[in-house]
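Below are the chains, spelled out letter by letter.
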Amino acid sequence: MDRYERLSALLDMLGQSGKVDVEDLARDLDVSAATIRRDLDHLAEQQLLTRTRGGAVANNVAYDLPLRYKTARHASEKERIGKAAAALVSRGAVIGLNGGTTTTEIGRALAIRPDFAQSDEPGVTVVTNALNIANELAVRPHVKIVVTGGVARPQSFELSGPLATRILDEITLDIIFLGVDAVDPLRGAYAHHEGEASINRLMTQRARQVVCIADSSKLGKHAFAQICPTSAINILITDSDASAEVVAAFEAEGVDVRIV
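Because the structure is predicted, anything quoted here is derived from the model rather than measured.

## Comments concerning the sheet that holds strand 3 (residues 55–58)
Across the sheet, which stays open at both edges, the 3 strands sit in the order 1-3-2 with antiparallel pairing between neighbours. Two strands lie at the open edges of the sheet, namely strand 1 (19–21) and strand 2 (49–52), each paired on one side alone. In this sheet, neighbouring strand axes are inclined to one another by 20° on average, regardless of whether the strands run parallel or antiparallel. In the sheet, strand 2 pairs with strand 3 via 4 bridges, with the strands oriented antiparallel. Looking across to strand 3, one finds that T50 is bridged to V57. Contacting strand 1 and strand 3, helix 2 (residues 22–29) crosses the sheet at an angle of about 75° to strand 1. Across the face of the sheet, helix 3 (residues 33–45) comes into contact with strand 1, strand 2 and strand 3 while running at roughly 135° to strand 2.

Here it is, written out as structure tokens:
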């Protein structure tokens, strides 16, 4: 387990229990207590937790972690979801990608599609409000990148706010691949941050097809701000750890669930 994986696991434990103990963490993560103390001090410096005598307690921000700490979570599942989503894209399509680790995997899968690089013309157009995705794809000559305006949010690298809506009002997407913080068969898709939810909602409204991409840990849950109702979702791509009951609930709402 590398350091980012360890930090991600540590923050997951903190998010679940609200507090952690150095000795317990050292045992569970199979590292020394000194290593755990350094990790906790590092996260406390970034205001992701509050140090206590012998451990730490959660800050509110611990439930909406910076993107770099989410990357190690369910990494193999996200990679499979990304490849399956990218396979849905036809040459010449205009697609939308919002921010997140799973949508980043879609961007990477699109970047290496050999059929998109068969001519001098772009094989796909990607509209995104995520600076990290735009940065990765900008060097790919076969991918045309359109970036929305807006103000960058450090947690997710997503652009949001009134400036981000102007370009979206003037375009149409063939597919939006919608990364979410939570998605529930009855309540719909959610994000932690209301500004991101607003831009993501507009992107779904501009798309002919909405494909929600979410690993199984996000299913059957909800977060602070709704992006769209379940009725707006055409396809849900998730991993094989999704429970049969939750999958059936989505299918009962008319969502085409694809397990990878």
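What follows continues from the structure just given.
## Section: a nonpolar patch on the surface
Taken together, the side chains of L131, V147 and F157 present a nonpolar region at the surface, about 220 Å² in accessible area. Relative to the elements of secondary structure, L131 occurs in helix 7 (residues 131–137).

## Quick look at the pairing of strand 5 (residues 124–128)
Extensive coverage of strand 5 is indicated by the burial of 5 of its 5 residues. The alternating pattern of strand 5 places V124, V126 and T128 and T125 and V127 on opposite faces, both of which are buried. Alignment of strand 4 (residues 94–97) against strand 5, held across 4 bridges, turns out to be parallel. Of the residues in strand 5, the one forming a bridge with G96 is V127. Handedness of the crossover joining strand 4 and strand 5 through helix 6 (residues 101–111) is recorded here as right-handed. Inspection of the sheet shows strand 5 paired to strand 6 (residues 143–147) by 5 bridges, in the parallel sense. Residue pairing across strands places T128 opposite V147, the latter belonging to strand 6. Once the chain exits strand 5 it traverses helix 7 before rejoining the sheet at strand 6, and the crossover so formed is right-handed.

Cut-offs used in this document
Residues numbered from 1 in each chain as written. Predicted model: local features only at pLDDT ≥ 70, side-chain atom pairs only at ≥ 80, totals over all residues. Heavy atoms only, no water. Pairing = 2+ DSSP bridges. Helix = DSSP H or I, 4+ residues; strand = E, 2+ residues; numbered from the N terminus. Axes fitted to C-alpha atoms, helices over the stretch in contact; angles between N-to-C directions. Contact = heavy atoms within 4.5 Å. Patch = residues over 30% accessible without salt bridge, like charges linked within 9 Å, V, L, I, M, F, W, Y side chains within 5 Å. Areas by Shrake-Rupley, 256 points an atom, 1.4 Å probe, with all protein chains shown as cover. Salt bridge = Lys/Arg side-chain N within 4 Å of Asp/Glu carboxyl O. Buried < 20%, exposed > 50% of the residue type's maximum accessible area, 1.4 Å probe, protein only. Right-handed = clockwise from strand over helix to strand, strands pointing away.

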